[in-house]
Amino acid sequence: MNTLIVIPARYGSKRFPGKPLAELAGKPILQRVWEIADSVCRSRTSCRAVVATEEPTDHNGSARIIRFCEEHDIPVLPTPASCRSGSDRAWIAAGRQPESERPEVVLNLQGDNPLCPPAFLHALLDAFEQHPETQVATPFTRLSWAALDQLRRSKQDSPFSGTTVIVGRDGNAVWFSKNLLPAIRGEADLRRQQPLSPVCRHIGLYAYRFPALAYFANAPQGEYEKLEQLEQLRFLENGIAVRLVEVAYPAGYEQMTSGIDTPEDLARAEQRIREAGELLK
């Protein structure tokens, strides 16, 4: 299966300017993400990875990312600044590959996700091989009651933090939301009966068949996608199934979110590495 891992990386983050090149435990964030992608590609056949950044201007700082990649022998591709999301940037990068190397599957690994376990990427790619009908795949994890309590607390201050998903019996997503799904009646009894809550947290990592990514990039935003600001709803609103792949974080990394958005997130990630060790041994 010809696979392309695209790492979208913008220098000009509003909340954390220069984020891809900020150091995390002695290594730039982008280098850590590249090493994750590279480790996955080295253990699979017909797998390549590339960093997709913005076309450089005098103001966006992308020239620094390009220079860093060139100095570290990391393939890099400038893409238009007009891309609205990492998935749009992944589509541009995939579409610019030579036709003879056009990927069957494109995996979007955000450039601010340096603590993404490589096993998550393998799980998504395995889903395409095991279920040939799969068009889009994304991972989720089932929350313990303690993790659910923590998510509830975080939503008191940041109501749009954390995304939950309803898992259908067929293994596909029923719905995604920034609200906690499902609402739970009789929670006290459930807590006594089972160790895991019924709430599943979505992890922001996506893999697409090439035609599905092309559809996403050319279809208008859906109404619920606009309201929730969740790009994966574009598929559901248009009747395209999203396969869910259940994963579990390695010991010590259970409470990690999907990426680093702020300097405070960077400090927490550094603390996680000190306590739990490096993901890549």
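Being a predicted model, the structure only gives us computed values, none of them experimental.

Topic: the environment of A123
Tracing the backbone through its elements, the reader meets A123 in helix α4 (residues 118-130). Not counting residues up to four positions away in its chain, the partners in contact with A123 are V245 and V247.

A short note on the side chain of E187
Looking at where E187 falls in the secondary structure, it is placed in helix α6 (residues 187-193). A relative accessible area of 16% means that E187 is categorised as buried. Apart from residues no more than four positions distant in its own chain, E187 is found in contact with W145 and R152.

Side note on the nonpolar core
In terms of nonpolar packing, the biggest core is built from 47 residues, with I5, L30, V51, L107, L109, L121 and L205 touching the most fellow members. Mapped onto this core, the elements with two or more residues apiece are β1 (3-8), α1 (29-42), β4 (47-54), α2 (62-71), β6 (105-108), α4 and α10 (263-276). In contact with L205, other than residues within four places in its own chain, are L107, N108, L109, C116, F120, L121, L124, A137, T138 and P139. Residues W91, V106, F216 and V242 belong to the second largest nonpolar core, which totals 31 residues.

Cut-off values and rules
Residues numbered from 1 in each chain as written. Predicted model: local features only at pLDDT ≥ 70, side-chain atom pairs only at ≥ 80, totals over all residues. Heavy atoms only, no water. Helix = DSSP H or I, 4+ residues; strand = E, 2+ residues; numbered from the N terminus. Contact = heavy atoms within 4.5 Å. Buried < 20%, exposed > 50% of the residue type's maximum accessible area, 1.4 Å probe, protein only. Core = buried A, V, L, I, M, F, W, Y, C linked by side-chain atoms within 4.5 Å.

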